[in-house]
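As a plain string of letters, each chain reads:
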Amino acid sequence: MENETTEGYEIMTTASIILAAGEGTRMRSKLPKVVHPVAGKPMVWHTLKAVEALVDLPPVLVVGFRAKTVMDEIGDQASYAFQDEQLGTGHAVACARTALEGKADTVLVTFADMPLLRKESVQGMMALHKKGDSPVTMTSYIGEEARGFGRVVRDSAGHVIAIVEQADATPEQLAIREYNLSAYCFDAEWLWEALMRIPISSKGEYYLTDVVSLAVNEGYQVESFMVEDPDEAIGPNNRVHLAAAEKVMRQRINQKWMLEGVTIINPEVTYIEAGVQIGQDTVIYPNTYLRGSTVIGEGCEIGPDTTIIDTLIGNNVKILASVLERAKLADHVTMGPYCHLRKGAVLEEGVHLGNFGEVKDSTLGPDTKMGHFSYIGNAQIGKNVNIGAGTITCNYDGEKKHPTEIGDDVFIGSDTMLVAPVKIGDRSKTGAGAVVTQDVPPDTLVIGVPAKEKRKLEKSD
Ligand code: UD1
Ligand code: CA
């Protein structure tokens, strides 16, 4: 691309290509490798995050094997190029040519199976690329575990001369401990042309790695940005590597939250996914899994033994040994042990749930208390209601769900069955063991099976 110039300044456009077309046979999975999650997000999502802020155009994801599955994960956060047949990493990059040629003068290439590569490393490589005059700059690291990676071959002066794939390496080359990480920065025009010159490998693939020796043969001195933390190079090719990546990502996430002011009693057994947010001075006890898009406020105590998925939690909330899914909790809620909040459970300020409570598609109003083993489903419950031990909303007739409405300041006696649809008026009471099949007006005591009005209630009741 011709660089546009305004008053002598070059306008540089940087684009990025992320390779995600491979099957990843070594994973032995029906899913494409790059959608396997690390800390709750697909590997390809992590790689997208490492580059998206560094480039001027939406990253181009090269997809092929089960392309739709990969595209469904990323949606419009990237644009897409297609590689119909997986003929190697060099061929995959060439598939993005039509999307980018003439639009960018610098092109980053990264691999979607390198979820731990940090943005800072990509930035370091870009800075090194700018300094030199080689049309390609690469990244490498020195480590102990080969993981099947390409070896970086240098001459006696220490200059890079080639990347040799493990399968093609001589015994001497196999002993090299500098590995190719697979993040590259290219001058675009040179790249498009060099890709056409990659020879076919013994495996019948076109290796992107071969562009390095092409540049060296043209007389360029190819520089490699050395990534210091070898953990950044954990690119899962099988599920053993996947677990290693998960562990490192989990440590990174936990460390980030601790530095932001969250206490984690034992980070070794605390699992916080990448999409979670946590407020200051919250304490996370062991064996806690915080998943999905969960948001937790300040000053909370969470766990031990708690799983929270896609749930919004206010400030100063205490949750002990419970499971929460797609629920919403306001400030000062206390719950557990052994509660289960399911989809659509909303607990307003100051609600208390004791042991063995289950709530689904229901709202419990401010200061309502439900101390012992109850099931509340499809219910709207007002403020300051006491829900006695063993209360159940009988909301399902075998075909349909029916609603229950309970007003403010109601007292539901122990073991009450609320046979929905049913409404209980403000300040009413049910006797222990009542089976309520008809609406109860305000200020009324009902008892029995089926429940009947016993009397109207006075202010003094
Ligand atoms: C590749 C490098 C190796 C490097 C390692 C580190 C080559 C030839 N080898 O090996 O030097 O040390 O990465 O990460 O580049 N892909 C496609 N289309 C294809 C083939 C692969 O899109 O035709 C994608 C895959 O989805 C994957 C990435 O490219 O995201 C890498 O492919 P993979 O087979 O894992 O390469 P490695 O053997 O790890
Ligand atoms: Ca790989």
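Residues numbered from 1 in each chain as written. Chains lettered and ligands numbered in written order. Predicted model: local features only at pLDDT ≥ 70, side-chain atom pairs only at ≥ 80, totals over all residues. Heavy atoms only, no water.

Along the chain, the position of Thr294 falls in the loop between strand E19 (288–291) and strand E20 (295–296). Only 2.9 Å separates the side chain of Thr294 from the backbone nitrogen of Asp310, close enough to count as a polar contact. Setting aside residues up to four positions removed in sequence, Thr294 forms contacts with Gly275, Val276, Gln277, Ile308, Ile309, Asp310 and Thr311. (Helix = DSSP H or I, 4+ residues; strand = E, 2+ residues; numbered from the N terminus. Polar contact = N/O pair within 3.5 Å; in protein donor to acceptor, adjacent residues only side chain to side chain. Contact = heavy atoms within 4.5 Å.)

Next up on the list: the confidence of the model for the chain. Scored by pLDDT, the chain has a mean of 96; 98% of the residues are at 70 or more. By mean pLDDT, strand E1 (residues 5–6) is the weakest element of the chain at 48, and E20 is the strongest at 99. (pLDDT = per-residue confidence, 0-100.)

Structurally, Ile308 can be placed in strand E22 (residues 306–309). The buried category is assigned to Ile308, whose relative accessible area is 0%. Measuring from C-alpha to C-alpha, the distance between Ile308 and Leu341 comes to 9.3 Å, with 33 residues separating the pair along the chain. Ile308 has contacts with Tyr289, Leu290, Arg291, Thr294, Ile296, Ile302, Ile313, Ile319 and Leu324, leaving out every residue within four places of it along the chain. (Buried < 20%, exposed > 50% of the residue type's maximum accessible area, 1.4 Å probe, protein only.)

It is worth spelling out the domain arrangement of the chain at this point. When the parts come together, some accessible area is lost, and that loss is often what is quoted as the size of the interface. Taken domain by domain, the chain consists of domain 1 (5–233) and domain 2 (239–456). Averaged C-alpha coordinates put domain 1 and domain 2 at centres separated by 47 Å. Contact residues are listed per partner, giving 18 residues for domain 1 and 12 residues for domain 2. For the pair domain 1 and domain 2, the two sides together bury roughly 1300 Å², of which 64% comes from carbon and sulfur. Contact with domain 2 buries area across many residues of domain 1, yet Met27, Ala39 and Leu116 alone supply 40% of it, more than any other trio. Taken together, the links from domain 1 to domain 2 amount to zero salt bridges. If you look at where domain 1 meets domain 2, you find five residue pairs in polar contact (both at pLDDT 80 or more). If you tally residues by element for the side of domain 1 that touches domain 2, the top one is helix H1 (residues 43–52), at three residues. (Domains from an automatic or database assignment. Buried area = accessible area lost by both parts, 1.4 Å probe. Salt bridge = Lys/Arg side-chain N within 4 Å of Asp/Glu carboxyl O.)

Moving on, we get to the pattern of salt bridges. Scanning all chains against the criterion turns up 17 salt bridges. One salt bridge in this structure joins Glu273 and Arg291, with 3.1 Å as the shortest N-O distance. Within this pair, whereas Glu273 is found in the loop between strand E16 (270–272) and strand E17 (277–278), its partner Arg291 is found in strand E19, the two being separated by 18 residues in sequence. We classify Glu273 as buried; its relative accessible area is 16%. The partner of Asp361 in a salt bridge is Lys360, with the nearest N and O atoms 3.9 Å apart. A residue is classified by how much of its surface remains accessible, and Lys360, at 9% relative accessible area, is buried. The structure contains a network of salt bridges with shared partners spanning Arg118, Asp229 and Glu232.

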